[in-house]
Amino acid sequence: MPITEMLSRNARMYPDEVSLIELEPAIKSRKQITWMDFEKQANKFANALIEYGIKRGDKVVILMMNCLEWLPVYFGILKAGAMAVPLNFRFTSGEIQKCSEIAETKILVYGPEFSERINEIRDNLSFVEKFVFVGGNCPNISENYTDSYTDCYTDSYTDILGKYPANDPDVEISDYEEAALYFTSGTTGTPKPIILTHANLVSACVTENRHHLQRHEDNFLCIPPLYHTGAKMHWFGSLIVGSKAVILKGVKPQWILEAVSEEKATIVWLLVPWAQDILDAIESGEVNLEDYDLDQWRLMHIGAQPVPPSLIQRWKKVFPHHLYDTNYGLSESTGPGCVHLGIENIHKVGAIGRPGFNWEVKIVDDKDNPVPDGMVGELILKGPGIMKGYYKNPEATAGVLKNGWLYSGDMAKKDEDGFIYLVDRKKDVVISGGENIFPVEIENYLMTHNDIKDAAVIGIPDRRLGEIPVAVVETKSGRELTEDMLIQFCQALPRYKRPRKVFFDKVPRNPTGKIEKPKLREKWCNTDKSVFL
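This is a predicted model, so every value here is computed, not measured. (Residues numbered from 1 in each chain as written. Predicted model: local features only at pLDDT ≥ 70, side-chain atom pairs only at ≥ 80, totals over all residues. Heavy atoms only, no water.)

With that settled, the discussion passes to unusual backbone geometry. Even without a glycine there, the phi angle at Asn358 is positive, about 75°. Mapped onto the elements, Asn358 comes out in the loop between strand S16 (354-355) and strand S17 (360-364). On the basis of relative accessibility, which here comes to 48%, the residue Asn358 falls in the partly exposed class. Even without being a glycine, Lys392 presents a positive backbone phi close to 50°. Note on Lys392: relative accessible area 61%, which makes it exposed. (Helix = DSSP H or I, 4+ residues; strand = E, 2+ residues; numbered from the N terminus. Buried < 20%, exposed > 50% of the residue type's maximum accessible area, 1.4 Å probe, protein only.)

So this is what it looks like as structure tokens:
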């Protein structure tokens, strides 16, 4: 069945029960909708899209911060038979334009945080047939999704939720129909959209629920961005049993603990920096656990980046009753779950785990032969979450999908108990706070400086973010540069892409001209250890 049927089933079974809660602690705001509200909003948006001329397989971009409207918009797109295209909220206007062009976007849904970026490129988005605005003070050039939740179901006809009918659009959708495009990138930083089907999305529901045993009584605290496969696919484990979820807009330790306490959350998925911040706040006395009711919190799990074992050891000292899991996945595998530690295997913290439910895993050499335990090879995966392919990119698809196996590009090894450990990433992507950073983008920018001869960017360990990008710079003969000068130069980059440190050295390259990054990591990852793990 398509994943949209799970929403419709929940609306039938639990119409008056709360499905989603939005908390914005900074302004002390709380909003919620029931499962029937959720279903009606998705249906209304689907009917609007159909009237706008959206047909099966058309693409609709979602460019929104986490909010109560995000998931109803997503499911409305799917109910219309279209494909949802969530974009990273950190994308620049140029990146938004490029991804929208690649996806051949017909409708672009955006929130108020993106008005300026959209205005910058609107003249270049002639292929977009309509813009839909989600938030207050809708611009005249966009369709208004809703004025407020108080008038969603009145006779107001000024917005989509007031104008369009709440009946199911009754678009027949097959299990293997294309449902979404999720953008990823390789080491070049060039966006590649991944095609996921309804069967892929449903498989994520099953796998996630099997791993974390969500029940109807659970409450999932969702903090990571919904544009990413991670947060949404973890929530899918709640969708399949009709349990509620809280969307928290903010990551301060106090806000997370307050949300768990006040909303009685039972499951929380964190990124490494947020877990570090919570522990630091507790240990410093900034927060007092006695101020919160946390007894019902049963599971904390982490994904999106390597997890330091020392972090989990600290966590278990503070929260000894918590179950814990580590999750590994890729957008190409419909997010996390193809490998996971398992809540019963905390003694193996440091490993990413064993094959997930319904998944097969192998570690192979360059000739696709399985390597012995303890030897390093490439991690490859087979299971129901494997993407259909890269959108209109058969060459890239053939490079990673071979005989039903997905080649992850991650180097790993397996111990005698079958637990898998990541060793390195072929692609040299830096993962900082759960965000992928592509070194080549920063390197290309550094090379625009008149005094730089060569530059390389690597990730080095960081206690809070997991990794941080640092630059190794070779200056031109007779030129003088300082670290402060280059840090200032990089202020033009998005904040998360800026190098945190600069080392001055010759950049090693092999005979073919490729940067030898293992040599750089060997030399610089142990520098200034007070900063790093």
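Their axes nearest at 7 Å, the elements helix H7 (residues 198-212) and helix H8 (residues 229-239) cross at an angle of 75°. By the angle between their directions, the pair H7 and H8 is classed as roughly perpendicular. Taking contact as the criterion, the partners of Leu201, Ala204, Cys205, Glu208, Asn209 and His212 in H7 are, on H8, Met233, His234, Phe236, Gly237 and Leu239. Each residue belonging to the contact of H7 with H8 can be placed in one class, and the counts come to 6 nonpolar, 4 polar and 1 charged. (Axes fitted to C-alpha atoms, helices over the stretch in contact; angles between N-to-C directions. Parallel < 35°, antiparallel > 145°, perpendicular 65-115°, else oblique. Contact = heavy atoms within 4.5 Å. Nonpolar A, V, L, I, M, F, W, Y, C, P; charged D, E, K, R; others polar.)

Okay, the sheet that holds strand S11 (residues 244-248) next. Taken in spatial order, the 9 strands of this open sheet run S2-S1-S11-S10-S12-S13-S14-S15-S16, and their pairing is mixed. Edge positions in the sheet fall to strand S2 (29-34) and S16, since each of these pairs with one other strand and no more. Here strand S10 (residues 219-222) runs beside S11; their pairing, made up of 4 bridges, is parallel. Looking at the pairing, Asn219 lines up with Lys244 of S11. In the packing of helix H10 (residues 272-284) onto the sheet, the strands contacted are strand S12 (267-270) and strand S13 (299-302), and the crossing angle to S12 comes to about 110°. (Pairing = 2+ DSSP bridges.)

Turning to the layout of surface pockets, a few remarks are in order. In this structure, the second largest pocket spans a volume of roughly 830 Å³. Surrounding the second largest pocket, 36 residues form its lining, Phe89, Arg90, Trp274, Gly433 and Glu435 being those nearest its centre. Of all the secondary-structure elements, those providing two or more residues to the lining of the second largest pocket are H8, H10 and strand S24 (435-437). Looking at the lining of the second largest pocket, its residues break down into 20 nonpolar, 8 polar and 8 charged. (1 Å grid on protein atoms, 1.4 Å probe; cavity = no way out; pocket = protein on both sides within 12 Å on 5 of 7 lines; lining within 4 Å. Points joined across faces, edges and corners; volume = space filled by probe spheres on them.)

What follows is about H8. Across the 11 residues that make up H8, a large majority, 11, are buried. Among the residues of H8, Thr229, Gly230, Ala231, Lys232, Met233, His234, Trp235, Phe236, Gly237, Ser238 and Leu239 are the ones counted as buried.

Quick look at the packing of aromatic side chains now. Summed over the entire model, instances satisfying the criterion amount to 17 aromatic pairs. Between Trp35 and Phe38, the ring centres sit 5.8 Å apart and the planes meet at 5°, which makes this aromatic pair stacked. Residue Trp35 and its partner Phe38 are both found in helix H2 (residues 35-51); the two are separated by 3 residues, about one turn of the helix. In this structure, Trp35 and Phe38 share a single accessibility class: buried. (Phe/Tyr/Trp six-rings, centres within 6.5 Å; stacked < 30°, edge-to-face > 60°.)

This next bit is on the sheet that holds strand S27 (residues 501-504). Ordered by their spatial adjacency, 3 strands build an open sheet running S25-S26-S27, and the pairing between neighbours is mixed. With partners counted over all chains shown, the strands left at the sheet margins are strand S25 (452-462) and S27, one partner each. Here the strands of the sheet are splayed against their neighbours by 30° on average, with no regard to which way each runs. Here helix H13 (residues 439-446) sits on the sheet and contacts S25 and strand S26 (466-475); the angle it forms with S25, its principal contact strand, is near 145°. Strands S25, S26 and S27 of the sheet are contacted by helix H15 (residues 517-524), whose axis makes an angle of about 60° with S25.

Let us now look at the packing of helix H1 (residues 4-13) against H2. Running from N to C, H1 and H2 cross one another at 135°; their axes reach a closest spacing of 8 Å. The angle between H1 and H2 places the two elements in the oblique class. Pair H1 / H2 crosses with left-handed handedness. Between H1 and H2, the residues in contact are Leu7, Ser8, Asn10 and Ala11 and Trp35, Met36, Phe38, Glu39 and Ala42, respectively. (Left-handed = near helix turned anticlockwise from the far one by under 90°.)

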